[in-house]
Amino acid sequence: MQPRFKILAFAALVAVASGQAGQQGCPVQITGPAPAPIPVAPEGSILVSIENHSGLTSVVEAVFSAGGQEVRRTTRVLTASGIESTAKVIRTTAEEVRIDARIASPVTGTIETKYLGGFVLASGTYLKGKDFEDRGGIDFIIPPPPVDCNSNGSPDSTDISSNTSRDCDRNTVPDECESGVPTLVQCAGEIVVAADENGAGVVPDLTHLLVAVDSCTPANQLQSSQDVAAGTPLSLGTPVSIMLTVADADANTVQCSSSVTMIDATPPLLVCPGELVLTVNSRLHAKVPDMATIVQVSDNCQTVSPLTFSQSIPAGALLPGGMVTTMSMTATDGSGNTSECACTVRVVVPIGPES
Ligand SMILES: [Ca+2]
Ligand SMILES: [Ca+2]
Ligand SMILES: [Ca+2]
Ligand SMILES: [Ca+2]
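So, how was this worked out
Residues numbered from 1 in each chain as written. Chains lettered and ligands numbered in written order. Predicted model: local features only at pLDDT ≥ 70, side-chain atom pairs only at ≥ 80, totals over all residues. Pairing = 2+ DSSP bridges. Helix = DSSP H or I, 4+ residues; strand = E, 2+ residues; numbered from the N terminus. Axes fitted to C-alpha atoms, helices over the stretch in contact; angles between N-to-C directions. Buried ≥ 20, exposed ≤ 12 C-beta atoms within 10 Å, placed from the backbone. pLDDT = per-residue confidence, 0-100. Contact = placed C-beta atoms within 7 Å.

Novice: In this structure, what is going on with the sheet that holds strand β15 (residues 253-263)? I would like to understand it.
Specialist: Adjacent strands of a sheet pair through backbone hydrogen bonds, lying either parallel or antiparallel. Strand order in this open sheet of four strands is β11-β15-β14-β13, and the pairing throughout is mixed. The open sheet has two edge strands with one neighbour each: β11 (190-194) and β13 (223-226). Ignoring which end each strand starts from, the neighbouring axes of this sheet average 25° apart. Direction of pairing for β11 relative to β15: parallel, over a ladder of five bridges. Note on β15: the bridge partner recorded for Ala194 is Ile263.

Printed below as a string of C-alpha cells:
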C-alpha cells in the first residue's frame, strides 16, 4: 500500500518541533545506543503519523537520512489496538525517510527476535521534495497482513513461490486452503458378512472398495479411512453403520456411509443313524422315538438363535411289526437355513413271546 501524503495541521507541527509529540504514552524501543541529539531546524521538521491497521502487534522502524548519511533511527512497537496502536513519530531534517513495519512476536522480548520470521507488513521510502515538504508530514498506515490461509507464519504467496505449498491449479491460492474436495465415484455399499463356523464375524476393511478422484491429488495418493475399525466383532443380524472418509493431500475430505451386517448362511449340521431298528411291544407295535435325542444336530449360531427340529414320522407314533420305512429329519437354524437327513426304520418282532 502506498501511504498517503498528508500535510499536518500547524498546531501539530509546533508540538513536534518543540519535542513534545509522540514520546509520551507510547512504547519506544531503540536498537543500539541512543543516537546523539540532532539539531532540528523548525523549517526542516516533518511528522510521521503511524497507524496500525494490521490487527497485529507490529514493530515500526524509521530511518532518516540527510545528505546520504543516516541521522536518526527510531523503532517503536505498536500494539494491535487501543491508544498504543498509533504513534506520531519523528522530527528531523531528513531528506529521506525509510519506514518498515513488521509483525512483532508477542512471545519474545527483544527487537532482534521480534523481527525474526515476521511478515514485512509495509515498507516505504519517502523523498523530501517529492513525498513531503518541510513542515510536511507522512501518514504511514500498516495494512492488514498478507493472507496466511494455511497458518504457517509466512505469506501464502511466499509459500507457493518457495514450493512449500502446492498450487497445482496455479490460482495463487495454496491448495490446502481450497475447498477442492475429492469426488466420490463409488462408496462401499451395504456389506454382508457370513458368520464363520463359530458364529463369529468381524468388520472388514471397506476402504479398498472406495473409488474417488481429485483435481489435484492423484488417486493413488488419496487417503481412505473408516470410523469403525476393520476387525471389530459383529453381532448376528445387527447392522453396523460405518462412515468412510476420503482425504486429499490438502486435507479436504468427502464422506459416505456404509453398513456391515453379519448373517448366518451356514445350515445346521445334522447326522442321522443309517438304520433305526425298533422292537414291537406286547401289542405288536413299536413307538417312534423323539429323533432329536438320537441324531446329532448343531449349528454355528445356535448360541444366539434357536434351532428347530422335525421328523417325518412324529415321535410317539406306533408302527406295526415287520414294517420297513424311511423317516426323514429336518433341522432349521434361526436364519432359516435347513439340513435334512433320512434313515431306514425297521420294526422287528423278536423270536418268542414278549414278556
Ligand atoms: Ca502461509
Ligand atoms: Ca491452488
Ligand atoms: Ca483437492
Ligand atoms: Ca447356521
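Novice: Is there a simple way to explain the pairing of strand β22 (residues 324-332) in this structure?
Specialist: Along a regular strand, successive side chains alternate from one face of the sheet to the other. As defined by bridge partners, strand β20 (residues 308-311) adjoins β22 across four bridges and the pair is classed as antiparallel. Each bridged residue has a counterpart across the sheet, and for Gln311 the counterpart in β22 is Met329. For β22 and strand β23 (residues 338-348), the ladder comprises nine bridges, and the chain directions are antiparallel. Counted as the bridge partner of Thr332 is Thr338 from β23. The turn joining β22 and β23, which pair antiparallel and follow one another in sequence, is formed by five residues; a positive phi near 90° is taken by Gly336.

Novice: Looking at this structure, I do not really get unusual backbone geometry. What am I missing?
Specialist: One non-glycine residue, Ala251, adopts positive backbone phi at about 70°. Here Ala251 shows up in the loop between β14 (240-247) and β15. Positive phi, normally seen in glycine, also occurs at Leu284, with a value near 65°. For Leu284, the location among the structural elements is in the loop between β17 (275-279) and β18 (285-287). Leu284 sits in the partly exposed class, given 13 other C-beta atoms within 10 Å.

Novice: I'm lost on the confidence of the model for the protein in this one. Help?
Specialist: Regions with low pLDDT carry predicted coordinates that are not meant to be interpreted in detail. For the protein, the average pLDDT comes to 82, and 82% of its residues sit at 70 or higher. Predicted confidence is poor over residues 1-42, with pLDDT under 50, and the contacts of this stretch with residues over four places away or in other chains come to 66 contacts. A low-confidence stretch, residues 106-117 (pLDDT under 50), is modelled with 14 contacts involving residues beyond four sequence positions or located in other chains.

Novice: Can you walk me through the sheet that holds β20 in this structure?
Specialist: As summarised here, the arrangement of the four strands in space is β17-β23-β22-β20, forming an open sheet in which the pairing is mixed. Pairing within the sheet leaves two strands with one partner each, and these edge strands are β17 and β20. Strand-to-strand, the axes of this sheet are offset by a mean angle of 25°, without reference to chain direction.

Novice: Can you walk me through the pairing of strand β4 (residues 58-66) in this structure?
Specialist: Two strands pair when backbone bridges link them, and β4 and strand β5 (residues 69-78) are joined in this way by nine bridges, in the antiparallel orientation. Bridging from a neighbouring strand, Phe64 pairs with Arg72 of β5. Hairpin connection from β4 to β5: two residues lie between these consecutive antiparallel strands, with Gly67 at a positive phi of about 60°.

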